[in-house]
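If you want the building blocks of each chain, they are given just below.
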Amino acid sequence: MTTSLRTWDSDAVLAVEHLTMRFGGLVAVNDLTFSVGRGDITALIGPNGAGKTTVFNCITGFYKPTTGMMSMRPKDGSLHLLERMPDFIVARKAKVARTFQNIRLFSGMTLLENLLVAQHNPLMIASGMTILGVLGIGGYKAKEKEAIDRARYWLDKIGLTARADDPAGDLPYGAQRRLEIARAMCTGPDLLCLDEPAAGLNPRESAELNDLLLSIRRDDGTSILLIEHDMSVVMGISDHVVVLEYGTKIADGTPNETRNDPRVIAAYLGVEDEEVEEIEQELDEQFGDGHDEQPAGDNEGERA
Amino acid sequence: MSTQAKSLPQGGPDFGQALKDGVIVAIIAFALLGPLVGLRTDQNMANELIIQNRLGLAAILSAIVGAGRFLLSAFVYPWLTARGRKTKAAVTLAELETRATRARHLSIGGLAFLFVYPVLIISLVGVQGSIKWVDNFGVQILIYVMLGWGLNIVIGLAGLLDLGYVAFYAVGAYSYALLAINFHLSFWVLLPVAGILAAFWGLILGFPVLRLRGDYLAIVTLAFGEIIRLVLINWKAFSGGSAGISSIPKVTLFGLYSFDVSAPNNFAKVFHLAASSAYYKVFLYYLILLLALLTAFVTMRLRRLPIGRAWEALREDEVACRSLGINTTNTKLTAFAIGAMFGGFAGSFFAARQGFVSPESFIFMESAVIVAIVVLGGMGSMIGVALAAVAMIGGTELLRELSFLKAVFGNDFNPDQYRMLLFGLAMVIIMVWKPRGFVSVRQPTAFLFRRKTVSGDLVKEGHG
């Protein structure tokens, strides 16, 4: 670690402190502390079962963490303690939006409808909590027009404007991923959490995804926290990488720092066959008893 | 055994196989029917148990079964597969589009027909003869159309399987009956009150219940429907027990004209018409028609509002809804309460129409019929639900009219008793023929360029 202050140290949009999540006897996340810098693209990486999705579910309120504090500071300067909020309040008040590992679009609704559902809360207020809307009074029509314009902006951005009136379930896989990101962005978040956005994408689609994420950060000022296995995305666009293994943080720094961290190389990035012994030797020297294989439980099961 | 088989034209590629199928099925049928039908125990004059041999009858029945199987294998199945192949290939977007246009034309035509229906009936069969057609068919069907549309909000839009909808119908009916008798309030005051009370019950039920999902929700709502009925039976001081409440006041024409025979402002007297209950029936017909249309209008408006979109999104994926900041509990509660409110309206109308309510009218069967109407109609589709109500309620009413069948089956035959059998058969056939109901396409609530109908295959049914 260099002495200069990084964004995530000086101006954190989200600070996770001593987060622990236990499922019965299984410790899925163990005393995890990290920060997400404002305007940064932060990648949370680690081998399968390392507890990445559990961290996401804690941040977005789908799980109540066993212990720990997660403080979120949106642009308006307010402070929200996420561990105390139910999931929908996290999205509404603390301005954290998320996508899912297995795409969760409203497949029977059109692309436009998907993006309008994401703007539910402001539209609900515009329709006078439905009562004025049913009677047809108040400025709901104008607000709905604005919402459609906003949806249009995102459809343009993900290149799906021509298919606005098609059902979301008809889209190809890559387009569904982009639509899910657009839907999350329509809630107007300050922090966008993406759970494996590049999973199942071909190299061209991955490159498009990189451009989309960079433009979200540039144009909308939204900080991004992502879980990813695709190294071209992680190393290509992220400013900050946090590496988890068995629920514990093993590295935290810029992509270059983590890329060269021997523990990360051994745990996650994988090593060439001929290098295995060499690295194990190196590890033994550095950490004494080396790193034993611990039994890993599947603690990433998403709550249905 | 399949004697008919020989008389049928030969030469089709499948006929040998079909004949074999027929013979095998006939043999299996005989093995089953032989003991069941062929041997009958009876008592003779000396009170001894004797066995009657009816193997001939069993053989005839088995032959009929075999012949039926032969016909299915030889003609019906090939025809069905050919048709299935054709429709699968033919359903394109344009096809869906024309279907939607057809549905729209159908709804406008249907609406016009509904408004002229009583006039048409009176001009055809006279004032006195119209009672049966306006009341038994018109009003009865429209009550179920309204109930179907009300439940459609809960099941079709929000995807919550509510098997106790009849409870809210009962709350509405008893609200009107009790408040009208004890406080002498008019129907027009009590209609909204009944709706509000039913919605309130919806909320009370909803709070604990809506944490449950899927089958659990269905079971608890079913139990709630039964609890309301049992309370009405047992709390005699409040509801009159199983004897029910009688002489519930009739609806007045906004207090201007009454339909009570003894009242000075009796409608028929004022207009110097022959005394008949037909005028009241026609009035009730238009009243329930307007109430049903109100339900439809409000539902269509709600679908275009954020709350309606949130209901449908909830049906599609609840977890995603929560990640977008939607309070799913409140959203479910509003669906439950608004559905219950329309049930309450229909209930107070029912009490005013019957002039008598008892717990007998609010059995589980009623809930089952309403759910069947919604599912049969195609979940979420207004026109489909209306068509299903016409088919189900009109169909059962029509069975009462089939007295000519007595000429065929003998004087003991009562077509009414076969209602449930035919009902079940019809449901099975329709569900095989159209598994997603009469109208399976979904109309989007907003569009950027062009309104395209969404194929029912993509729309989820909801699971909670």
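Conventions we followed
The residue numbers shown here count from 1 along each chain, following its written sequence. As they are written, the chains are lettered A onward and the ligands numbered 1 onward, keeping that order. Only residues with pLDDT of 70 or above have their local features reported here, since the model is predicted, and side-chain atom pairs are shown and tallied only from 80 upward, although totals for entire chains, interfaces and linings are computed over all residues. By the criteria applied, helices consist of DSSP H or I runs no shorter than four residues and strands consist of E runs no shorter than two, each listed in order from the N terminus. Whether two residues are in contact depends on their C-beta atoms, placed from the backbone: they are in contact if these lie within 7 Å. Residue ranges assigned to each domain were obtained from an automatic or database domain assignment. Ten residue types, Ala, Val, Leu, Ile, Met, Phe, Trp, Tyr, Cys and Pro, are classed as nonpolar, four, Asp, Glu, Lys and Arg, as charged, and the remainder, Gly among them, as polar. A helix's residues, less one, multiplied by 1.5 Å, set its expected span. The nonpolar core criterion groups buried Ala, Val, Leu, Ile, Met, Phe, Trp, Tyr and Cys residues into a set whenever they are joined through C-beta atoms within 7 Å. Here a residue counts as buried when 20 or more other C-beta atoms sit within 10 Å of its C-beta, as exposed when there are 12 or fewer, and as partly exposed otherwise, the C-beta atoms being derived from the backbone. Bend at a residue means the angle formed by two fitted axes: the first through the 7 residues ending at that position, the second through the 7 residues beginning there. The predictor attaches a confidence to each residue, called pLDDT, with possible values from 0 through 100. In this description, strands pair whenever DSSP reports at least two bridges between them. Only C-alpha atoms enter the line fits that serve as axes; for helices the fit covers just the stretch in contact. Angles between N-to-C directions range over 0 to 180 degrees. If an angle is under 35 degrees, it is roughly parallel; if it is over 145, roughly antiparallel; if it lies from 65 to 115, roughly perpendicular; otherwise it is oblique.

> What is the right way to read the overall build of chain A from this model?
Looking only at helices and strands, chain A features 13 helices and ten strands. If you take every contact in chain A between residues at least 6 apart in sequence, the share linking residues at least 24 apart comes to 67%.

> What am I meant to see in the overall build of chain B here?
Of regular secondary structure, chain B possesses 16 helices and two strands. Overall size of chain B, expressed as C-alpha extent along the three principal axes, is 70 × 70 × 50 Å. Considering only intrachain contacts with a sequence separation of at least 6, the fraction spanning at least 24 residues in chain B is 74%.

> Would you explain the domain arrangement of chain A in this entry?
Many descriptions give the size of an interface as the accessible area lost when the pieces come together. All names here are of chain A. By domain assignment, chain A separates into domain 1 (1-95 + 189-304) and domain 2 (105-187). Each partner contributes residues to the interface: domain 1 has 13 residues there, and domain 2 has eleven residues. For the side of domain 1 that touches domain 2, the secondary structure elements donating two or more residues are α3 (87-92), β7 (191-195) and α9 (203-220). For the side of domain 1 that touches domain 2, the element with the highest residue contribution is α9, accounting for five residues. Counted by class, the side of domain 1 that touches domain 2 contains eight nonpolar, two polar and three charged residues.

> What exactly am I supposed to notice about helix α12 (residues 328-354) of chain B here?
Since one α-helical turn is 3.6 residues long, residues separated by three or four positions face the same way. If you check α12(B), its first and last C-alpha atoms are 39 Å apart, about what 27 residues at 1.5 Å a residue would give, namely 39 Å. Phi turns positive, to about 75 degrees, at G355(B), one or two residues after α12(B).

> Could you clarify how one ought to interpret the interface of chain A and chain B in this entry?
Facing 34 residues of chain A, the contacting portion of chain B comprises 34 residues. For the side of chain A that touches chain B, the secondary-structure elements that each account for two or more residues are α3, α4 (111-117), α5 (120-126), α6 (131-135) and α7 (140-158) of chain A. Its residues assigned to classes, the side of chain A that touches chain B shows 14 nonpolar, eleven polar and nine charged.

> Just to check I follow, could you spell out the nonpolar core for this structure?
Inside soluble globular proteins, nonpolar side chains tend to come together where they are buried. Residues and elements named next belong to chain B. With 189 residues, the main nonpolar core has I143, M146, Y169, A170, I288 and A389 as its most contacted residues. In terms of residue count, helix α3 (residues 93-157) provides more of this core than any other element does, 17 residues in total. The contact partners of M146, leaving out residues within four places of it in the chain, are I288, L291, A292, T295, F342 and A346. The next biggest cluster of nonpolar side chains, apart from the first, holds eight residues, and it includes A26, L33, L61 and V65.

> Can you walk me through helix α1 (residues 15-38) of chain B in this structure?
Residue and element names in this part refer to chain B. Between its terminal C-alpha atoms α1 stretches only 30 Å, short of the 34 Å expected from 24 residues at 1.5 Å a residue. Roughly 35 degrees is the biggest bend found in α1, and it falls at L32, with proline P35 one to four residues downstream. A18, L19, G22, V25, A26, A29, F30, L33 and G38 are the residues of α1 that are buried.

> Can you help me understand the confidence of the model for chain B in this one?
Any segment with low pLDDT has predicted coordinates that should not be analysed in fine detail. Residue and element names in this part refer to chain B. Confidence in the prediction of chain B, expressed as mean pLDDT, is 83, and 92% of residues score 70 or more. Below a pLDDT of 50 lies the segment residues 1-12, which in the model reaches 20 contacts outside its immediate sequence neighbourhood of four places, other chains included. Across the interface, the model reports ipTM at 0.82; the global pTM reads 0.80.

> Honestly, the domain arrangement of chain B in this entry has me stumped. Any pointers?
The domain architecture assigned to chain B consists of domain 1 (3-90) and domain 2 (93-365). Distance between the C-alpha centres of domain 1 of chain B and domain 2 of chain B: 45 Å.

> Is there a simple way to explain the sheet that holds strand β8 (residues 223-227) of chain A in this structure?
Strand pairing in a sheet takes place through backbone hydrogen bonds and is either antiparallel or parallel in direction. Residue and element names in this part refer to chain A. Taken in spatial order, the six strands make up an open sheet running β6-β7-β8-β3-β9-β10, and their pairing is mixed. Each edge of the open sheet carries a strand with a single partner, namely β6 (96-98) and β10 (248-253). Adjacent strand axes in the sheet meet at a mean angle of 15 degrees when their direction is disregarded. Of the strand pairs in this sheet, β7 and β8 are connected by five bridges, and their pairing is parallel. Across the sheet, L194 pairs through a bridge with L226, a residue of β8. The strands that helix α2 (residues 52-59) touches are β3 (41-45), β6, β7, β8 and β9 (240-245); relative to β7, the one it contacts most, it runs at about 145 degrees.

> How do you make sense of the packing of helix α8 (residues 173-185) of chain A against α9(A) when you look at a structure like this?
Helix packing for two helices is described by the angle between their axes and how far apart those axes are. Residues and elements named next belong to chain A. Look at α8 against α9: their axes get within 11 Å of each other, and the N-to-C directions meet at 10 degrees. Put simply, α8 runs roughly parallel to α9. Contact with α8, carried on its side by G174, R178, I181 and M185, involves E205, L212, I216 and D220 of α9 and no other residues of that element.

> Explanation requested: the environment of L132(A) in the structure shown.
Residue and element names in this part refer to chain A. Note that L132 resides in helix α6. The exposure class of L132 is partly exposed, given the 15 C-beta atoms found within 10 Å. Each residue touching L132, except ones within four places of it in the same chain, is listed here: S127, I137, G138 and Y140.

> How should I be thinking about the sheet that holds strand β5 (residues 80-81) of chain A in this particular structure?
Residue and element names in this part refer to chain A. The strand order across the open sheet formed by four strands is β2-β1-β4-β5, and the pairing between neighbours is antiparallel. The two strands at the open ends of the sheet, each matched to only one other strand, are β2 (26-37) and β5. The sheet contact formed by strand β1 (residues 12-23) and strand β4 (residues 67-72) spans five bridges and is antiparallel. Bridged to A15 within β4 is S71.

> Help me understand the confidence of the model for chain A in this model?
Per-residue confidence for chain A gives a mean pLDDT of 83, with 87% of residues at or over 70. Low confidence marks residues 290-304 of chain A, where pLDDT is under 50. Its contacts with residues over four positions away, or in another chain, come to 24 contacts.

> Can you walk me through the environment of G138(B) in this structure?
Residue and element names in this part refer to chain B. Counting through the fold element by element, G138 comes out in helix α3. On the neighbour-count criterion, G138 (24 C-beta atoms within 10 Å) is buried. Separated by 256 residues in sequence, G138 and G394 have C-alpha atoms that sit 8.7 Å apart. Beyond its immediate stretch of four places on either side in the chain, G138 contacts Y117, P118, W133 and Y285.

> How should I be thinking about unusual backbone geometry in this particular structure?
If a residue is not glycine, its phi is most likely negative; likewise, a peptide bond is most likely trans. In the Ramachandran plot, K95(A) falls in the positive-phi region, its phi being about 60 degrees despite a non-glycine side chain. Relative to the assigned elements, K95(A) resides in the loop between α3 and β6. Even without a glycine there, the phi angle at S247(B) is positive, about 45 degrees. On the secondary structure map, S247(B) appears in the loop between α7 (236-239) and α8 (267-270).

> In this structure, what is going on with the pairing of β9(A)? I would like to understand it.
Regular strands place side chains that alternate from one sheet face to the opposite one. All names here are of chain A. Most of β9 sits inside the fold, with six of its six residues counted as buried. Burial along β9 is two-sided: H240, V242 and L244 and V241, V243 and E245, pointing in opposite directions, are all buried. Judged from the four bridges that link them, β3 and β9 form a sheet pairing that is parallel. Within β9, the residue paired with I45 across the bridge is V243. Two elements, β9 and β10, share five bridges in a ladder whose sense is antiparallel. Bridge pairing links E245 to T248 in β10. Turn length for the β9-β10 hairpin, with the two strands adjacent in sequence and antiparallel, is two residues, and the turn residue Y246 shows positive phi of about 50 degrees.

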